[in-house]
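# Chains, contacts and geometry: an overview
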Amino acid sequence: EPEVTQTPSHQVTQMGQEVILRCVPISNHLYFYWYRQILGQKVEFLVSFYNNEISEKSEIFDDQFSVERPDGSNFTLKIRSTKLEDSAMYFCASRDIEAFFGQGTRLTVV
Amino acid sequence: GQSLEQPSEVTAVEGAIVQINCTYQTSGFYGLSWYQQHDGGAPTFLSYNALDGLEETGRFSSFLSRSDSYGYLLLQELQMKDSASYFCAVNRDDKIIFGKGTRLHILP
């Protein structure tokens, strides 16, 4: 069964550092997403990506964040100058009708 | 704006039936999805309703009424492994918006 893969599974970074979270979506899907989930809370939409550009982003997705599809398979989320409150689980998803989620990257900012 | 409302917690007994309701307000509505998430895991797709009515997948069924902006997830013959959080989600053409989730506790 096709799956979305994310690396790393856990990332610890110092406040102020930049991190790049990586995702390989399902190859024939057209929509790609990043979501985040703070521990115990709901899954929050960050950004959607379609046809090699951002189609929508939430108010959370400010200038600190950026996404790229550097090649035909990878989809990355970059967080510049991380803050303590960026600590969360970050999920990548790709979609046909239903969304398939990766297992997430747990980001811990210290 | 967009909003989804679902109960924060539901408790049921193993073997019983439980219904988790969801109401939504959104523009550009394509359909209502349901996802299951176990602690520490990723959300996994359960069902999708684009049209009014009931969709059945094994022990799980989902219902949608577009005129009422309302749907529910019905879980039958509850098993302990069904203990998880359940999210309703609105599908739009460009994104999926999740509710806050319902934590389902199952008692033996």
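Our subject in this report is the structure included herewith. None of these values were measured; they are calculated from a predicted model.

It is worth spelling out the overall build of chain B at this point. Secondary structure summary: chain B contains zero helices and eleven strands in total. The order of helices and strands in chain B, counted from the N terminus, is β-β-β-β-β-β-β-β-β-β-β. Against the compact-globule benchmark of 13 Å for 108 residues, chain B has a radius of gyration of 13 Å, which places it among compact chains. Taking the principal axes of its C-alpha atoms as reference, chain B extends roughly 40 × 30 × 20 Å. For chain B, with 108 residues in total, the buried portion stands at 50%. Sequence-distant contacts, at least 24 apart, represent 57% of the contacts inside chain B between residues at least 6 apart.

Before going further, it helps to spend a moment on the interface of chain A and chain B. A common way to state how big an interface is: give the accessible area lost once the parts meet. The interface of chain A with chain B comprises 18 residues on the first partner and 18 residues on the second. Between the two partners, chain A and chain B, sit two salt bridges. Where Lys-95 of chain B meets Glu-56 of chain A, a salt bridge forms, and the shortest distance between an N and an O atom there is 2.5 Å. Run the count over chain A and chain B and you get six residue pairs in polar contact (both at pLDDT 80 or more). Where the side of chain A that touches chain B is concerned, the elements lending two or more residues are β4 (31–37), β5 (44–50), β6 (53–57), β9 (88–95) and β10 (99–101) of chain A. For the side of chain A that touches chain B, a count of residues per class yields nine nonpolar, five polar and four charged.

Along the chain, the position of Gln-41 of chain A falls in the loop between β4 and β5. Taking C-alpha positions, Gln-41 of chain A is 18 Å from Phe-61 of chain A, a pair spaced 20 residues apart along the chain.

What follows covers the packing of aromatic side chains. Summed over all chains, the structure comprises 20 aromatic pairs over all chains. Judged by centre distance (5.7 Å) and plane angle (70°), the ring pair of Phe-101 of chain A and Phe-98 of chain B falls under edge-to-face. Residue Phe-101 of chain A is located in strand β10, and its partner Phe-98 of chain B is located in strand β10 (residues 96–98); the two belong to separate chains. For the pair formed by Phe-101 of chain A and Phe-98 of chain B, the shared burial category is buried. The side chain of Arg-95 of chain A reaches across the aromatic face of Tyr-31 of chain A, ending 5.2 Å from its centre.

A covalent bond between the sulfur atoms of two cysteines is what we call a disulfide. Summed over the entire model, instances satisfying the criterion amount to two disulfides over all chains. Across the disulfide, Cys-23 of chain A is cross-linked to Cys-92 of chain A (sulfur-sulfur distance 1.9 Å). The sign of the -65° torsion about the S-S bond sets the Cys-23 of chain A-Cys-92 of chain A disulfide as left-handed. Pair noted here: Cys-23 of chain A is in strand β3 (residues 19–24) and Cys-92 of chain A is in strand β9, with a separation of 69 residues, a long-range link. In terms of burial, Cys-23 of chain A and Cys-92 of chain A fall into one category: buried. Here Cys-22 of chain B connects covalently by a disulfide to Cys-88 of chain B, the sulfurs 2.1 Å from one another. Because the sign of the S-S torsion sets the handedness, a value of about 70° for the bond joining Cys-22 of chain B and Cys-88 of chain B places this disulfide among the right-handed ones. Here the residue Cys-22 of chain B occupies a position in strand β3 (residues 18–25), and Cys-88 of chain B occupies one in strand β9 (residues 84–91), the gap between them amounting to 66 residues. Judged by its relative accessible area of 1%, Cys-22 of chain B is buried.

So, how was this worked out
Residues numbered from 1 in each chain as written. Chains lettered and ligands numbered in written order. Predicted model: local features only at pLDDT ≥ 70, side-chain atom pairs only at ≥ 80, totals over all residues. Heavy atoms only, no water. Helix = DSSP H or I, 4+ residues; strand = E, 2+ residues; numbered from the N terminus. Rg over C-alpha atoms; globule rule 2.2 N^0.38 Å. Buried < 20%, exposed > 50% of the residue type's maximum accessible area, 1.4 Å probe, protein only. Contact = heavy atoms within 4.5 Å. Salt bridge = Lys/Arg side-chain N within 4 Å of Asp/Glu carboxyl O. Polar contact = N/O pair within 3.5 Å; in protein donor to acceptor, adjacent residues only side chain to side chain. Nonpolar A, V, L, I, M, F, W, Y, C, P; charged D, E, K, R; others polar. Phe/Tyr/Trp six-rings, centres within 6.5 Å; stacked < 30°, edge-to-face > 60°. Lys NZ or Arg CZ within 6 Å of the ring centre and 35° of its normal. Disulfide = S-S within 2.5 Å.

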